[in-house]
Amino acid sequence: MNPLYQVLPHSPLDLRLTADRHTDTHFPMPRFTSREDVDARREELKFNLRMAAGLYPWPEKTPLNTRKELVGEYDGYALYRIMFESYPGLWSTGNLYLPRPLTGKCPAILNVIGHWETQRLTRLDTADYPQQLANFARMGFVCLVTDMIGKVDSRQLTHDYGRDERELWASNGLGVQLWNNIRALDLLCDMPEVDADHIGVTGASGGGSQTLFLSLLDDRIKAAAPINMISLHMQGGCQCENAAGLRRDTTNTEMCAMLAPRPLFLAGSTGDWTKYQLTEEYPAIRDIYALYGAGDRVEQYYQVAGHQYNAKTRHRIYSFFARHLMGKDLFWEEETIETPYLSDMVWFKDGEKAPGFASDEEYFTAHKAELTARVASLPTAEKKKMLSWVTGINRRDYAVADGDICEADGVSVEKNILTSARGEQIPWVRLTPKDWDGKRICLALSGTGKTCVERGEIRAMLEDGLAVVSGDLFLTGEFGDAKPAVLGTYNAERYFTTFHYTTAAHQAQDVALLWKLTASMAEEATLWAEGTAARAAACALPLLEGLRKASLEKKALGLVNDRDYMEGFFLPCLLPLGGLEGCLEMAECAVEMF
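Residues numbered from 1 in each chain as written. Predicted model: local features only at pLDDT ≥ 70, side-chain atom pairs only at ≥ 80, totals over all residues. Heavy atoms only, no water.

Attention shifts here to the overall build of the chain. Along the backbone of the chain there are 17 helices and 20 strands. Taken over the C-alpha atoms alone, the chain extends approximately 95 × 50 × 35 Å along its principal axes. When the 594 residues of the chain are sorted by exposure, 63% land in the buried category. The contacts in the chain between residues at least 6 apart in sequence include a share of 75% that link residues at least 24 apart. Accessible surface, the chain as shown: approximately 22,600 Å² in total, 50% of it carbon and sulfur. Counting 62 positive and 81 negative side-chain charges, the chain places the centres of these two groups 2 Å from one another. (Helix = DSSP H or I, 4+ residues; strand = E, 2+ residues; numbered from the N terminus. Buried < 20%, exposed > 50% of the residue type's maximum accessible area, 1.4 Å probe, protein only. Contact = heavy atoms within 4.5 Å. Areas by Shrake-Rupley, 256 points an atom, 1.4 Å probe, with all protein chains shown as cover. Lys, Arg positive; Asp, Glu negative; His and termini not counted. Charge placed at Lys NZ, Arg CZ, Asp CG, Glu CD.)

So, in structure tokens, the structure goes:
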């Protein structure tokens, strides 16, 4: 680099070069002082979850085409196989337990299963789902239990669905399962046997994650019991619990606290990541409930055990749901039940699948088309809201240091760094021609960094009386060969995008900060960008206030398919907005190509 444009005497000490958030980070719990603050944060986190899950805007609720077959009538309950089409061509599968005798409308419980391999068929000391659900039905609850994707009858998609190109589209297993569960609530609410005003949800482990996500988004859930999951020490170690952008600035525990003031039951054990729940997560959540005068609506049970949804926990869960969904204060003594042949409880055998999608790729192709159409129907303001979430560009303030100024070839060269609350160190220079009138300035950016100011086009701007600002976008210029250090376990790499912005997003954020700086320096500011900086600039254009004209390198914007974006501008969740082309369509300024 030309020493004339070198800003720092050291490598940038940019906080983004250390990626220290991951599934097993010990996170702090944010503090809230008013209900209004909690209410506002709840709306932010609901939008955040919907974006990460690919559920913004909402998909169309198409006919469920429910299929139900009786497995058998037993003492106090009837058991059915059930499946419903949650999305055209995609089926959610499970079992339905109905009370016998059935008199009038009943409260209902949706049970979502964690990573027990046999799912709703599991009969172990650590979890016994047929026994739990049969006892719920004997108590007078209608109970629906569903499979995770890739498990038992739900074999149309693999359980690991959602990686690589699918991240560009916010197409992931977390979103599929969340939508399945929302449609499961639709099914329950439409049943003549169900009192739709009294529905609860529970699940353990990964089912606890599903319980959390569903309860946060759907107010039809009146009481929730995420078991052995809510923790500030572990956020979920499976693909179905992680989606790009989900936890960039939040945790499961904060999301759980947003369920206030609805009744909440937490369970923890000495032998898993909930080992501190009694003294850490539970008090923090209870404090937020107390802002609503509802501290007594949070219950917690802590036991000496490993990872579980065992009989001790289940006994307390029966009482919890009886109080809050039935209005009864009782302690239900769990009764042992004899299950039918487990093979009678499932739909498909010998590798068979539900009709419709036959592979991940087939579903992905259909989902891309459906999601594109959904987003295309939105007004521009809503698309910009989505783009702000995708890129992380917001209206945050910037700060500069006490830099240096020198003269060279009749041009004043100011050298400094730009930073914000996110801890960036963006080296930048301003070249000001002699006798500059303070009216016109251009932000010039390149994928190689701020040495682009030596290009003929930029020198011509200076000769024409414009001042020029240029900076090193993240990992360009003075960043040299720096790469973010990813701290933590194997999952830190695997779920990096769940907790962090990508380089493409950081570069778009840098464009926005540099633009805000540049626009403050003159009456009329324009933007010029080449190479990969042109991609970051195109992505940021709709969110740059006061920009009237941008000049971008056409060749650099020629990304035409998913693989091009994976290799040249990896920005999760961008493609439903139309990619760079869609961003240019949203831009309010004139855009010319060179």
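This next bit is on the packing of aromatic side chains. What describes a pair of aromatic rings is the distance from one ring centre to the other and the angle between the planes of the rings. Applying the stated criterion to the full structure yields 18 aromatic pairs. With 4.9 Å between their ring centres and 85 degrees between their planes, Phe 47 and Tyr 56 make a pair best called edge-to-face. This pair shows no difference in class: Phe 47 is buried, exactly as Tyr 56 is. Sitting over the face of the ring of Phe 364, Arg 166 holds its NZ or CZ atom 5.0 Å from the ring centroid. Over the face of the ring belonging to Phe 364 we find Lys 368, whose NZ or CZ atom lies 4.6 Å from the ring centre. (Phe/Tyr/Trp six-rings, centres within 6.5 Å; stacked < 30°, edge-to-face > 60°. Lys NZ or Arg CZ within 6 Å of the ring centre and 35° of its normal.)

In this section: the environment of Phe 84. Within the secondary structure layout, Phe 84 lies in strand S3 (residues 77-87). Residue classification places Phe 84 among the buried residues on the basis of a relative accessible area of 0%. Separated by 182 residues in sequence, Phe 84 and Leu 266 place their C-alpha atoms 30 Å apart.

Let us now look at the state of the cysteines. Cysteine pairs can be linked by a disulfide, which is a covalent bond between their two sulfur atoms. The full count for this structure, using the stated rule, is zero disulfides. The structure places no disulfide on Cys 240, whose sulfur is separated from the nearest cysteine sulfur, that of Cys 238, by 3.7 Å. Its relative accessible area of 4% is what places Cys 240 among the buried residues. Free of any disulfide, Cys 539 has its nearest neighbouring cysteine sulfur in Cys 583, separated by 4.3 Å. Overall, Cys 539 belongs to the buried group, its relative accessible area being 0%. (Disulfide = S-S within 2.5 Å.)

In this section: the sheet that holds strand S5 (residues 106-112). Within the open sheet, the nine strands sit side by side as S2-S3-S4-S6-S5-S7-S8-S9-S10. Their pairing is mixed. Taken across any chain shown, the strands that pair with only one partner, and hence form the sheet edges, are strand S2 (67-74) and strand S10 (298-303). For this sheet the average axis-to-axis angle between neighbouring strands, irrespective of direction, equals 20 degrees. Across the face of the sheet, helix H2 (residues 129-139) comes into contact with S3, strand S4 (90-99), S5, strand S6 (142-146) and strand S7 (194-204) while running at roughly 50 degrees to S4. (Pairing = 2+ DSSP bridges. Axes fitted to C-alpha atoms, helices over the stretch in contact; angles between N-to-C directions.)

Our next topic: the packing of helix H4 (residues 173-190) against helix H5 (residues 206-217). Relative orientation of the contacting elements H4 and H5 amounts to 60 degrees, with a least axis distance of 10 Å. For the element pair H4 / H5, the angle class is oblique. The two elements H4 and H5 cross, and the hand of that crossing is right-handed. Counted together, Leu 174, Gln 177, Leu 178, Asn 181, Ile 182 and Leu 185 of H4 and Gln 210, Phe 213, Leu 214 and Leu 217 of H5 form the full contact between these two elements. Partitioned by chemical class, the residues of the contact of H4 with H5 number seven nonpolar, three polar and no charged. (Parallel < 35°, antiparallel > 145°, perpendicular 65-115°, else oblique. Left-handed = near helix turned anticlockwise from the far one by under 90°. Nonpolar A, V, L, I, M, F, W, Y, C, P; charged D, E, K, R; others polar.)

With that settled, consider the side chain of Ser 171. Along the polypeptide, Ser 171 turns up in the loop between helix H3 (165-168) and H4. A distance of 2.6 Å separates the side chain of Ser 171 from the side chain of Tyr 161, its partner in a polar contact. At 2.7 Å, the side chain of Ser 171 and the side chain of His 367 are in polar contact. When sequence neighbours within four positions are dropped, the list of residues in contact with Ser 171 reads Tyr 161, Gly 162, Arg 166, Tyr 363, Phe 364 and His 367. (Polar contact = N/O pair within 3.5 Å; in protein donor to acceptor, adjacent residues only side chain to side chain.)

Next up on the list: the pattern of salt bridges. According to the stated counting rule, one finds 39 salt bridges in the structure shown. Between Glu 545 and Arg 395 there is a salt bridge, with the nearest N and O atoms lying 3.0 Å from each other. Of this pair, Glu 545 sits in the loop between helix H15 (531-540) and strand S19 (549-552) while Arg 395 sits in the loop between helix H10 (380-391) and strand S11 (399-400), and the two are 150 residues apart along the sequence. Here Glu 545 and Arg 395 have matching classes, each one exposed. A salt bridge links Arg 430 to Glu 414; the shortest N-O distance between them is 3.2 Å. Of this pair, Arg 430 sits in strand S14 (residues 426-433) while Glu 414 sits in strand S13 (residues 411-419), and the two are 16 residues apart along the sequence. Residue classification places Glu 414 among the buried positions, given a relative accessible area of 18%. Taken together, the shared-partner salt bridges in this structure form one network comprising Lys 61, Arg 183, Asp 186, Asp 218 and Arg 220. (Salt bridge = Lys/Arg side-chain N within 4 Å of Asp/Glu carboxyl O.)

For the rest of this paragraph, the subject is helix H17 (residues 579-586). By the burial criterion, the buried members of H17 are Gly 579, Leu 580, Gly 582, Cys 583 and Met 586. Seen end-on, H17 carries its buried residues on one side only, within an arc spanning 160 degrees. Residues of H17 that are exposed and point more than 90 degrees away from the buried face comprise Glu 581 and Glu 585. Buried-residue contacts for H17 involve H10, H15 and helix H16 (562-568). (Arc of directions from axis to C-beta.)

Within the largest apolar cluster, 137 residues are counted, with the highest numbers of intra-cluster contacts made by Leu 188, Leu 527 and Phe 569. One finds Ala 137, Met 139, Ala 204 and Ala 322 within the second-largest nonpolar core, a separate group that totals 37 residues. (Core = buried A, V, L, I, M, F, W, Y, C linked by side-chain atoms within 4.5 Å.)

Next up on the list: the pairing of S13. Most of S13 is tucked away: eight of the nine residues are buried. Between the end of strand S12 (residues 404-408) and the start of S13, which pair antiparallel, lie two residues, with Asp 409 showing a positive phi angle near 55 degrees. Linking two consecutive strands that pair antiparallel, namely S13 and S14, is a turn of six residues; a positive phi of about 85 degrees is found at Gly 423 within it.

What follows concerns the environment of Leu 185. Inspection of the secondary structure assignment puts Leu 185 in helix H4. Taking the C-alpha atoms as reference, Leu 185 lies 9.7 Å from Gly 200; in sequence the two are 15 residues apart.

In this fold, Cys 442 is placed in strand S15 (residues 440-445). For Cys 442 and Pro 130, which are 312 residues apart along the polypeptide, the C-alpha to C-alpha distance reads 68 Å. Beyond its immediate sequence surroundings of up to four residues, Cys 442 is in contact with Met 461, Leu 466, Ala 467, Val 468, Val 469, Thr 518, Thr 526, Leu 527 and Trp 528.

Moving on to H2. With 11 of 11 residues buried, H2 lies mostly within the body of the structure. Looking at H2, one finds that the buried residues are Tyr 129, Pro 130, Gln 131, Gln 132, Leu 133, Ala 134, Asn 135, Phe 136, Ala 137, Arg 138 and Met 139. Lining the buried residues of H2 we find S3, S4, S5, S6, S7 and helix H8 (311-326). For H2, the N-terminal cap is Asp 128; the gap from its side-chain oxygen to the backbone nitrogen of Gln 131 is 3.1 Å.

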